[in-house]
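Residues per chain, in single letters:
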Amino acid sequence: MADADLTDKIRRRMKITKSNRFNYAKRLEKKAASKALSISLLSVACVSASIYLLAFADSLDVNVSRLIGFLVASASVYSLILSGQSSATSLARRANDAHRCAREISHLYRKLEVERVDLAETSIRYEKIISSYPENHDRIDLWKTYYEESIESKDLVVGPIKGEVPYWFSCHFSLIATTFFLIVEALLVCFYTFPSASP
């Protein structure tokens, strides 16, 4: 009975951890894609605004030209800030490590499910796998695991909002912030351009 309880305990730990690492890997992959797309959008916006300034330099109000120049500089600085944080390449590498960790735990978990294995040895192998990948998942990955797997615990209750919203927001934060930034810049240009064009 004690062995059965220990087996269930180890199995539960492995199941939760492998799901956490898979969720972490997916989140990092999406963050990398979001960051890469954000930087691309900022680059397109900067180039387009610069071309616009060159093409209509004679017809633009001086203050509007200065505003566009300032906004282009701001977008460039914002792009540098995004690039200076964890790069898309770094995020992709970390995602790959987390995915490999999850696959190794998953392999050990399947052996525990279908074979009669030495629990002490299995526990040691599990700890070695965890130690081989020092970067841990985040709490929001755990929340997503508990929600998706419908894991019941008296210490942690996770509903759809807690299980999905923080995870989604973390995946797409760069793109959300960049879109908001570009919309604000576009509105500022429109606000200062159209009144100056009026007779």
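The rules behind each value
Residues numbered from 1 in each chain as written. Predicted model: local features only at pLDDT ≥ 70, side-chain atom pairs only at ≥ 80, totals over all residues. Heavy atoms only, no water. Axes fitted to C-alpha atoms, helices over the stretch in contact; angles between N-to-C directions. Helix = DSSP H or I, 4+ residues; strand = E, 2+ residues; numbered from the N terminus. Parallel < 35°, antiparallel > 145°, perpendicular 65-115°, else oblique. Contact = heavy atoms within 4.5 Å. Nonpolar A, V, L, I, M, F, W, Y, C, P; charged D, E, K, R; others polar. Buried < 20%, exposed > 50% of the residue type's maximum accessible area, 1.4 Å probe, protein only. Phe/Tyr/Trp six-rings, centres within 6.5 Å; stacked < 30°, edge-to-face > 60°. Lys NZ or Arg CZ within 6 Å of the ring centre and 35° of its normal. Disulfide = S-S within 2.5 Å.

Looking at the packing of helix α3 (residues 88-114) against helix α4 (residues 119-132)
So, point 1. For the pair α3 and α4, the least separation of the axes is 10 Å and the interaxial angle reads 170°. In terms of their interaxial angle, α3 and α4 are classed as roughly antiparallel. Each of C101, E104, I105, L108, K111 and L112 in α3 lies in contact with α4, whose residues at this interface are L119, T122, R125, Y126, I129 and I130.
So, point 2. Of the residues that constitute the contact of α3 with α4, the class distribution is eight nonpolar, one polar and three charged.

Some points on the environment of A102
So, point 1. Checked against the element boundaries, A102 lands in helix α3.
So, point 2. When its relative accessible area of 0% is taken as the criterion, A102 is described as buried.

Structural notes on the packing of aromatic side chains
So, point 1. All told, the structure shown has three aromatic pairs when counted by the stated rule.
So, point 2. Measuring from centroid to centroid gives 4.9 Å for Y52 and F56, while their planes differ by 45°, and the two rings are tilted.
So, point 3. We classify F56 as partly exposed; its relative accessible area is 40%.
So, point 4. One residue, K18, lies across the ring of Y109, its end atom 5.2 Å from the ring centre.

So, the state of the cysteines
So, point 1. One pass over the structure, following the stated rule, counts zero disulfides.
So, point 2. Between C46, a free cysteine, and C190, which holds the nearest cysteine sulfur, the sulfur-to-sulfur gap is 17 Å.
So, point 3. For C46, a relative accessible area of 12% gives the class buried.
So, point 4. Not part of a disulfide, C101 finds its nearest cysteine sulfur in C171, a span of 19 Å.

Purely spatial values, then, with no claim about function.
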